[in-house]
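# Residue-level structural notes
The lines below spell out each chain.
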Amino acid sequence: MKGPQIAKVRRIKRMEKQLSRFFEVVQNPYDYLANWKQSTKRKIIGIYPMNLPEELVHAAGMLPATMWRDENPVTEGDAHLTIYNCALSRTVVDDIVRGKLPFLDGIVIHLTCLQSRGIAYIIERKTSLPLYERLYLPAIPTSPLAKEFLVHSFGKMKNSLEKLSGQKITAESLENSIRIYNRDRALLRKLYQLRRRKPGILKAKEVSAIVQSSMLMPKEEHSQLLEELLPELEKREIPKGERKRLILVGCLCQTPHNAILDLIEDAGGCFVDDYTYVGYQYFANDVELGGDPLHSLADLYLKRDPVFLTKSSWEANWSEDVIKMAKANNADGVIYYVMMYCPPLMMYVPDLYDELEKAKIPELVLEIEHDIPSIEKVKTEVTAFMEMLKGG
């Protein structure tokens, strides 16, 4: 083997090792968090998605860890919720009643939808954590009182975190945490710019793992891994062969199933961008420093671009944003990934379908249940869609 070939092999092994670190975190998040707590002796706060100010937890010297849909079947949790609750709410309740989250020192939940409002009281009854905080954040950010209400809510959260940690959250410590988080956001944006420029440079499940792991591990460590990975990715060769450029839309506060992402790519698709929370929406904007950092966190929440289906206004046009993204990336089609029993996602299906049809952008709606009762059904839908895009 010649010198250039040896260097290439070493580069590939380095990159595989870097990517494996992200997968280790997301594939066994409970083990990762339990081990992290044991080794650092620091507290962990569970964050129920979406849009909560993780920087406040960080500034209090604790680790914010986003609570995710467990891949395992729901068992005891169904005694407390109906099966037509969303996968996230069912699995979170199931994990709590089964005692699978002993590493948590507290939970902060944002009552972002009707289902989160319901499970908030179940969680409160079934846990005895030192900290349990329910936040009511404005669903209509255009209200003239929204910012004042937000700052008050974030202040309430700040006081609870200070009491638990015994550490004062000063303006300086909060600004430092914001800078750390902004750095990670900037690196994730670079990753997405690279994917747009070199489609296929990463598999969809690899991108998902990189973003999701940033919601679980310390931002400092995550940023370091990204800074090591990005230069290696620049040198990675793009897979050969014609593939259809796709935009992934939906999922909201849940992660897409890796098996389905693989299935779409195996059928000839290539994701060039996404409009998801475990993606672009999470890191699209920095917190703009200047003045009171609590106000800066409130300003980030109140931003209307990108559009969040759980905090919006009549003027916001989500479908228009999706169409702009599709056109900017020369996308051949849009995959609308709808987690079953998620009303905010499902209610937008007709509107997005109509708007994409007017824009002559092909769309496939995938309605996915937590347990995926039949992957073959999904495969049939995906195969037919990809054949249509290929002109078959």
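Below is a short write-up of the structure.

A few words on the packing of aromatic side chains. Summed over all chains, the structure comprises eight aromatic pairs. With a centroid separation of 5.8 Å and an interplanar angle of 45 degrees, the aromatic rings of Tyr 30 and Phe 103 are classed as tilted. In this pair, Tyr 30 is assigned in helix α2 (residues 29-40) and Phe 103 in the loop between α4 (87-97) and β3 (106-110), connecting sequence segments 73 residues apart. Of the residues examined, Tyr 30 reaches a relative accessible area of 22% and is grouped as partly exposed. Taking the centre distance of 4.8 Å and the plane angle of 70 degrees together, the rings of Tyr 192 and Phe 283 count as edge-to-face. Of the two residues, Tyr 192 is situated in helix α7 (residues 171-197) and Phe 283 in helix α11 (residues 280-283); the sequence distance between them amounts to 91 residues. Phe 283 matches Tyr 192 in its accessibility class, with the two residues each being buried.

Structurally, Asp 321 is set in helix α13 (residues 318-328). Nearest to the buried, unbridged Asp 321 among oppositely charged side chains is Lys 324, at 4.8 Å. Ignoring any residue separated from it by four or fewer positions in sequence, one finds Asp 321 in contact with Tyr 275, Asp 305, Pro 306 and Val 307.

Following the criterion strictly, the structure yields five cavities of 30 Å³ or more and no others. By volume, the largest cavity amounts to about 340 Å³. Forming the walls of the largest cavity are 25 residues, and the residues nearest its centre are Asn 51, Arg 185, Gln 281, Tyr 282 and Leu 300. Of all the elements, α7 adds the most residues to the lining of the largest cavity, at four residues. The residue makeup of the lining of the largest cavity, split by class, is 14 nonpolar, three polar and eight charged.

Volume-wise, the second largest pocket comes out at about 530 Å³. Lining the second largest pocket are 29 residues; nearest its centre among them are Val 26, Gln 27, Pro 29, Arg 69 and Gln 212.

Overall, the coordinates contain 26 salt bridges when judged by the stated rule. For Arg 134, the salt bridge identified is with Glu 124, shortest N-O distance 2.6 Å. Separated by 10 residues along the polypeptide, Arg 134 in strand β4 (residues 131-135) and Glu 124 in helix α5 (residues 114-126) bring together distant segments of the chain. The class of Arg 134 is partly exposed, set by a relative accessible area of 23%. Using a relative accessible area of 39% as the deciding quantity, one classes Glu 124 as partly exposed. Beyond isolated ion pairs, a larger network of salt bridges with shared partners links Arg 21, Glu 24 and Glu 221.

Definitions and cut-offs
Residues numbered from 1 in each chain as written. Predicted model: local features only at pLDDT ≥ 70, side-chain atom pairs only at ≥ 80, totals over all residues. Heavy atoms only, no water. Phe/Tyr/Trp six-rings, centres within 6.5 Å; stacked < 30°, edge-to-face > 60°. Helix = DSSP H or I, 4+ residues; strand = E, 2+ residues; numbered from the N terminus. Buried < 20%, exposed > 50% of the residue type's maximum accessible area, 1.4 Å probe, protein only. Lys, Arg positive; Asp, Glu negative; His and termini not counted. Salt bridge = Lys/Arg side-chain N within 4 Å of Asp/Glu carboxyl O. Contact = heavy atoms within 4.5 Å. 1 Å grid on protein atoms, 1.4 Å probe; cavity = no way out; pocket = protein on both sides within 12 Å on 5 of 7 lines; lining within 4 Å. Points joined across faces, edges and corners; volume = space filled by probe spheres on them. Nonpolar A, V, L, I, M, F, W, Y, C, P; charged D, E, K, R; others polar.

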